[in-house]
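Inside the fold
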Amino acid sequence: MTYLTVYTDGEQPETLLATEDAAEIAATLKEIDVVLRHWAVVEDLPEDAGQEEILAAYRQEVDRVIAEEGYTFVDVARLHPDDSPDWPERAAAARKKFLNEHTHDDDEVRYFVAGSGIFYLHVNGKVHAVLCEAGDLLSVPENTTHWFDMGTRPDFTAIRFFHDDDGWIGDFTGDPIAERIPDFDTITSTRAARTARRPAEPRRASPACGRS
Ligand SMILES: [Fe+2]
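Quick look at the structure, then. (Residues numbered from 1 in each chain as written. Predicted model: local features only at pLDDT ≥ 70, side-chain atom pairs only at ≥ 80, totals over all residues. Heavy atoms only, no water.)

**Quick notes on helix 1 (residues 22-30)**
Stated formally: Partly exposed describes any residue whose relative accessible area lies between the buried limit of under 20% and the exposed limit of over 50%, with all areas from a 1.4 Å probe on protein chains only and scaled to the type maximum. The helix count covers DSSP runs of H or I at least four residues long, the strand count covers runs of E at least two residues long, and both are numbered beginning at the N terminus. Picture the helix axis, draw a direction to every C-beta atom, and the arc is the one those directions span.
Every buried residue of helix 1 is listed here: Ile25, Thr28 and Leu29. The buried residues of helix 1 occupy an angular sector of 95° when projected down its axis, which confines them to one face. Across from the buried face of helix 1, at angles greater than 90 degrees, the exposed residues are Ala23 and Lys30.

This is the structure we're talking about:
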């Protein structure tokens, strides 16, 4: 389930909104021209499914987005913790790549097949931190100032859509704002604490089954 936190972008960021409400998230993102959609997750995909298998599982949805938006290239990016000795180094290097504020001259469109990541969209004096999880498709328009945090233990599989081969190149703004906004690890633990505090859903009474 998507989780949105909105912060002020000053020296001491304040939280303006924190919500899991799908309608509220969609409406808030619509104000900044960011589109969030949800696709049904294909549950029977094997964990080691390759790129072609993943794209085939979502063929209909992927083709619809390509037809609507004119993307010419689609691939699958994935990073999952493993036991190899170089994992910590690879994880840190991957995280660092887009952890500072930047723009692209292409849209940044990601569908989360599995796992999660946070897109931080810095627009109109606010930072919108969108925690995307399996089933979420986020479309960040070209030239939107943003950054992406996959956390200190990256774990995700995502389908990416591009208009051209160079679209993923980042143009970094040099603004250190990402350092003062809560990161992936902080936001996910805050959200877990919120969920734990929430009272359990009232149990629905079983339908009466008395004998007649
Ligand atoms: Fe980016």
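Once the structure has been displayed, the description carries forward.
**Here's the deal with the coordination of the iron ion**
Inclusion rule: With water excluded from the atoms, a metal site may look incomplete; its donors are any N, O or S atoms within 2.8 Å, or within 3.2 Å for Na, K and Ca. Angle rules define the geometry names used: all angles between 85 and 135 degrees makes four donors tetrahedral, while opposite donors over 155 degrees apart and all other angles between 65 and 115 make four donors square planar and six octahedral, leaving every other case irregular.
All of the protein donors around the iron ion are His102 (NE2), His104 (NE2), Glu108 (OE) and His146 (NE2); their distances to the metal are 2.0 to 2.2 Å. Each of the four donor atoms around the iron ion contributes to a set of angles spanning 79 to 165°, which defines the coordination as irregular. Within one chain, the residues serving as donors to the iron ion are arranged as H-x1-H-x3-E-x37-H. Of this pair, Glu108 sits in strand 6 (residues 108-123) while His146 sits in strand 9 (residues 146-149), placing them 38 residues apart in sequence. Given the relative accessible area of 8%, Glu108 is considered buried.

**Quick look at the nonpolar core**
Soluble globular proteins: nonpolar side chains tend toward being buried together. Rule in force here: The set of buried Ala, Val, Leu, Ile, Met, Phe, Trp, Tyr and Cys residues whose side-chain atoms join them within 4.5 Å is what this entry labels a nonpolar core. When checking whether two residues touch, look at their non-hydrogen atoms; a contact exists if any pair is within 4.5 Å.
Residues Leu29, Phe119, Leu121, Val130, Leu138 and Phe156 are the most contacted members of the largest nonpolar core, which totals 23 residues. Those elements that place two or more of their residues in this core are strand 1 (3-8), helix 1, strand 4 (73-79), helix 4 (87-97), strand 6, strand 7 (126-133), strand 8 (136-140) and strand 10 (156-162). Among the elements that make up this core, the one with the highest residue count is strand 6 (four residues). In contact with Val130, other than residues within four places in its own chain, are Thr2, Tyr3, Leu4, Leu29, Gly117, Ile118, Phe119, Leu121 and Leu138. By size, the runner-up hydrophobic cluster in this structure holds 17 residues, among which are Val76, Tyr111, Val113 and Ile159.

**Structural notes on helix 4**
Burial in helix 4 covers these residues: Trp87, Ala91 and Arg95. Viewed end-on, helix 4 has its buried residues packed into an arc of 60°, placing them on one side of the element. Across from the buried face of helix 4, at angles greater than 90 degrees, the exposed residues are Glu89, Lys96 and Lys97. In this structure, the buried residues of helix 4 make contact with strand 4 and strand 9.

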